[in-house]
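Results of the structural survey
Here is what each chain is made of, one letter per residue.
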Amino acid sequence: MQVNKPEDFTKNVSKALAQPDLKKIIRRTTDKAETKRTEAVANFPEFENARSQGQKVKDHTIKYMDHYLAEFEKNALAQGTIVHWASTGEEASKIVLDICRQHKAKKVTRSKSMLGEEIGLTHAFDNSEMERIETDLAEHIIQLAGDPPSHIVWPAMHRSREDVVKLFREFHEDPTYSEEITDLVRSARRDLRNKFLTSDIGISGSNFLLADSGSSCTVTNEGNAELTITPPKVHIVTAGIEKLVPSMAHAVPLLRLLTRSATGAEITQYITFHNGSKRPNDADGPQECHIVLVDNGRTKMLAEGMEEMLRCIRCGACMNHCVVYKHIGGHAYGSVYPGPMGSVLTPHLDSLEVANKQTHACTMNGRCEEVCPVNIPLPKLLRSLRAQSWQKKYEPLTNRFVVQSFAELAKRPRLFQLLSSCGVIFMKVFSRKGWIKYMPFTSGWTRNRDLIEPGSTTFMHQYKKMKKAKSGGA
Amino acid sequence: MNKQKSELSRTKIFSAIKNAKPTVTMDVKTIQQEAFELLKESEFARPKLLSEDATQALVLRIEAGLVIGTSCEKISTLDDLPNSVNQFFDKHSLPQEIKVQGIDKLEKLDWEGISTDSDIENDNTVGLCWAEYGVAETGSFVVHSSPKMPILLNFLPLYLIAVIPKSKILHYMDDYALIANEIAKKGETPRNMCLISGVSGTTDIEGVLVQGAHGPEVLHIIIVEDQ
């Protein structure tokens, strides 16, 4: 699959809208997630309190980020973990590859981590002499298909069962010839099991970093993180610096929020705290543990007043509830992070110049903020990015001309009303049975849907008439 | 070279944070106090349990089908465990072979008729582990890595039996976090602390739940009342 770029957003959207089944496939998963989340919240009357606590925990850690980073580093070193720092994704990726090369690794297993995608780790491995094995089932599917992820929780949601059947038959050593989903999962289990046990290096992300112990925490339903990390001799964690929380007790409220918001389950099946390398005589576990702490635009967000976005715990609820995401899917965003959270993050990870169109792909209906488990004001942040985009003159000239013309016109009410009246007459010329299928200057709208015929007169005209009638009546 | 680069990045990250937040206090006691205050909110921000009794709450949660792929039973003493394991074999039509965690408590039981050993291998069918704790809130059992606890025991077999001593069943995850903190103070933090709440599952193909994605497909929890 050809990888979309964020700067081609408009083109990507047209491509997505032209795929007849895409919307159906996306909604199959997101609608289910939406329903299950609603049920989970209804069954947890204390949810709002948990949400407020979760927000405060994140805000507290972000406020004292340097204190907690230093504390995390000190405690991780005390546990024998080797701590690395990376300002950029490229640096982080290089650190990981260098560690693998020092250990002469041939096979590397990886459990799902959006940060890994963000720093370009998958491509870095694919361009190296090492074999990368994705162990999360969805990541396994998209690795075989050569796709980027389309959702942060269900990265392969754009792939149907029929696609998976074809991929597994082509790539698995002992594939199933059944098309039952259970048999397909068994096929992946067989294929990956030996790879888990013979891997040289296990790479994971981290859902939380605990400052008071220097631990990292992984959260999965499949148990693939533990199987990725335990057998190899080396474990490498890649984590964004915003993953910090003061302690395990502070991670607990966030764990309560994370799964309920992501999948509607009350908790994931596996929550594991990883505390460095194996202890003397431990029955299993890696002999060496590295952690790569990554900035890649996070401190820039802090400096630019976007720290609320650093609360994000990557649950995906905002995209499951986003009307835009549900229409166009994840690939159209051309970025690792799609949906509302992605539209805020991508301009910082990439640049606003290339990702400014994503900030406009929002109806401002506020659903993302309503369901965010840590109260991130996504519409406010998107509006602020739109303002920056305007100030930096990233908008197309036609948009700038139209908006500036409107601003001038709005200062002259009589002229505005006159032109509005002319507009109504103009639109009626193109109207058929109450709908406009085509009209000059509106092809962006009428390409995909009809425009409703305006009322017989302008709003102002009707308003004045009504006011007059009322005062006359009184 | 990499170390120097890493150090440079470290300096850059810390100075970027400082520049972004120049007025923030770094008084450690103030920060610790603020962090402590946040935890007081947990009492009002956690779900009600199905029973005030932690053991009962855990059992009810499993019996209500809220813990994926999991069943449970209570036994009076540890001596009853081999009999329960035999019944589990019968229920699932399994051969009488089991990988038992290599601790005295389990190894010294009378396993007559059941083949037991503690060497974990790829294709083992049934595993038996001793949980350090249970958590009623999430229907979890907790294992700690150690010389006698291979983490893979909990992930490689298709069927897993976890034994939880009744006295170690906690109400909430917060209670476990306090215990983990005490363990850390003694400098005895294990490499891994795993909270396991159900079986390995996935909904990655068309949203359909399948159990046994990579790890166990069936989990049976046995609570020992006199432990």
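Residues numbered from 1 in each chain as written. Chains lettered and ligands numbered in written order. Predicted model: local features only at pLDDT ≥ 70, side-chain atom pairs only at ≥ 80, totals over all residues.

1. Considerations on the overall build of chain A
We apply this condition: Numbering of helices and strands runs from the N terminus; a helix is a DSSP stretch of H or I covering at least four residues, while a strand is a stretch of E covering at least two. Once C-beta atoms have been placed from the backbone, residue pairs whose C-beta atoms lie within 7 Å are recorded as contacts.
For chain A, the count of helices and strands is 23 helices and 13 strands. If one aligns the C-alpha atoms of chain A with their principal axes, the spans along those axes are about 95 × 55 × 45 Å. In chain A, of all internal contacts separated by at least 6 residues, the share reaching a separation of at least 24 is 73%.

2. Looking at the interface of chain A and chain B
How we decide: When residues are sorted by character, Ala, Val, Leu, Ile, Met, Phe, Trp, Tyr, Cys and Pro go into the nonpolar class, Asp, Glu, Lys and Arg into the charged class, and all the rest, Gly among them, into the polar class. Here, strands pair whenever DSSP counts at least two bridges between them.
In this assembly, 79 residues from chain A lie in contact with 71 residues from chain B. In terms of residue count, helix α10 (residues 181-198) of chain A provides more of the side of chain A that touches chain B than any other element does, eight residues in total. By residue class, the composition of the side of chain A that touches chain B is 34 nonpolar, 25 polar and 20 charged. By the bridge criterion, five bridges tie strand β9 (residues 270-274) of chain A to strand β9 (residues 192-196) of chain B in an arrangement that is antiparallel.

3. Quick notes on the domain arrangement of chain B
Reports often express the size of an interface as the amount of accessible area lost when the parts come together. Formally: Domain boundaries shown here were taken from an automatic or database domain assignment.
Segmenting chain B into domains produces domain 1 (2-43) and domain 2 (48-224). Put simply, the middle of domain 1 of chain B and the middle of domain 2 of chain B, counted by C-alpha atoms, are 38 Å apart.

4. Regarding the packing of helix α3 (residues 47-63) of chain A against helix α12 (residues 248-262) of chain A
Residues and elements named next belong to chain A. Let me state the cut-off plainly: To obtain each axis, a line is fitted to C-alpha atoms, and for helices this fit is confined to the stretch in contact; angles are then taken between N-to-C directions over 0 to 180 degrees. Note that the term roughly parallel is reserved for angles under 35 degrees, roughly antiparallel for angles over 145, roughly perpendicular for angles of 65 to 115, and oblique for everything else. Note: crossing handedness is left-handed where the near helix turns anticlockwise from the far helix by less than a right angle, and right-handed where it turns clockwise.
Where α3 contacts α12, the axes come no closer than 9 Å and their chain directions differ by 130°. In terms of their interaxial angle, α3 and α12 are classed as oblique. The way α3 lies across α12 gives a crossing that is left-handed. Here Ala50, Arg51, Gln53, Gly54 and Val57 of α3 lie close against α12, whose contacting residues are His250, Pro253, Leu254, Arg256 and Leu257. Residue composition of the contact of α3 with α12, by class: five nonpolar, three polar and two charged.

5. Section: the sheet that holds strand β8 (residues 169-170) of chain B
What the eight strands build is an open sheet, ordered β8(A)-β5(A)-β6(A)-β9(A)-β9(B)-β6(B)-β5(B)-β8(B); its pairing is mixed. Each edge of the sheet is formed by a strand with only one pairing partner; in this case those strands are β8 (244-245) of chain A together with β8 of chain B. With respect to the sheet, α12(A) is in contact with β5 (208-210), β6 (215-220), β8 and β9 of chain A, its orientation differing from that of β5(A) by roughly 165°.

6. Some thoughts on the domain arrangement of chain A
For chain A, the domain assignment lists domain 1 (38-299) and domain 2 (397-473). Taking only C-alpha atoms, the centre of domain 1 of chain A and the centre of domain 2 of chain A are 52 Å apart.

7. Here we look at the nonpolar core
To keep it simple, the criterion reads: For our purposes the nonpolar core covers buried Ala, Val, Leu, Ile, Met, Phe, Trp, Tyr and Cys residues that link as a set through C-beta atoms within 7 Å. Counting other C-beta atoms within 10 Å of a residue's own tells you its class, since 20 or more makes it buried, 12 or fewer makes it exposed, and anything in between is partly exposed; those C-beta atoms are placed from the backbone.
Core analysis: the biggest nonpolar cluster contains 183 residues, and A:Val292, B:Ala131, B:Val142 and B:Ala162 have the highest contact counts within it. Leaving out residues up to four positions away in the same chain, B:Val142 has contacts with B:Ala131, B:Glu132, B:Tyr133, B:Val135, B:Tyr176, B:Met193, B:Cys194 and B:Leu195.

8. Here we look at the sheet that holds strand β10 (residues 288-294) of chain A
Residues and elements named next belong to chain A. Across the sheet, six strands lie side by side as β1-β10-β7-β4-β2-β3; this open sheet has parallel pairing. Each edge of the open sheet carries a strand with a single partner, namely β1 (82-86) and β3 (131-134). Pairs of neighbouring strands in the sheet enclose a mean axial angle of 20°, with direction left out of account. Bridge count for strand β2 (residues 107-110) against β3 is four bridges, and the pairing is parallel. Residue pairing across strands places Lys107 opposite Glu131, the latter belonging to β3.

9. Side note on helix α9 (residues 161-171) of chain A
For an α-helix, 3.6 residues make a turn, and residues three or four places apart therefore share a direction. The complete set of buried residues in α9(A) reads A:Val164, A:Val165, A:Leu167 and A:Phe168. Structurally, α9(A) contributes buried residues whose contacts are with α8 (137-145) and α10 of chain A.

10. A few points about the pairing of strand β12 (residues 218-224) of chain B
All names here are of chain B. Counting buried positions over the seven residues of β12 gives seven, a clear majority of the element. Burial along β12 is two-sided: the face carrying Val218, His220, Ile222 and Val224 and the face carrying Leu219, Ile221 and Ile223 are both buried. Direction of pairing for strand β1 (residues 70-75) relative to β12: parallel, over a ladder of six bridges. In the strand pairing of β12, Ile75 is matched with Val224. Sheet topology note: the strand β7 (residues 159-165)/β12 ladder contains seven bridges and is parallel. Paired with Ile164 across the bridge in β12 is Ile223.

11. Observations concerning the pairing of strand β4 (residues 201-204) of chain A
Residue and element names in this part refer to chain A. By the alternation rule, side chains of β4 split into Ile201 and Ile203 and Gly202 and Ser204, which are all buried. Note that β2 and β4 share three bridges and pair parallel. Within β4, the residue paired with Val108 across the bridge is Ile201. Relative to strand β7 (residues 234-240), β4 runs parallel, the two being bridged by four bridges. Each residue of the ladder has a partner; that of Ile203, found in β7, is Ile236.

12. A few points about unusual backbone geometry
Although it is not a glycine, A:Asn296 sits at a positive phi angle of roughly 45°. By the secondary structure assignment, A:Asn296 is in the loop between β10 and α13 (298-303). Accessibility expressed as a C-beta count within 10 Å gives 20 for A:Asn296, which makes it buried. The phi dihedral of B:Ser93 is positive, around 50°, even though this residue is not glycine. With respect to the secondary-structure elements, B:Ser93 resides in the loop between α4 (81-91) and β2 (97-100).

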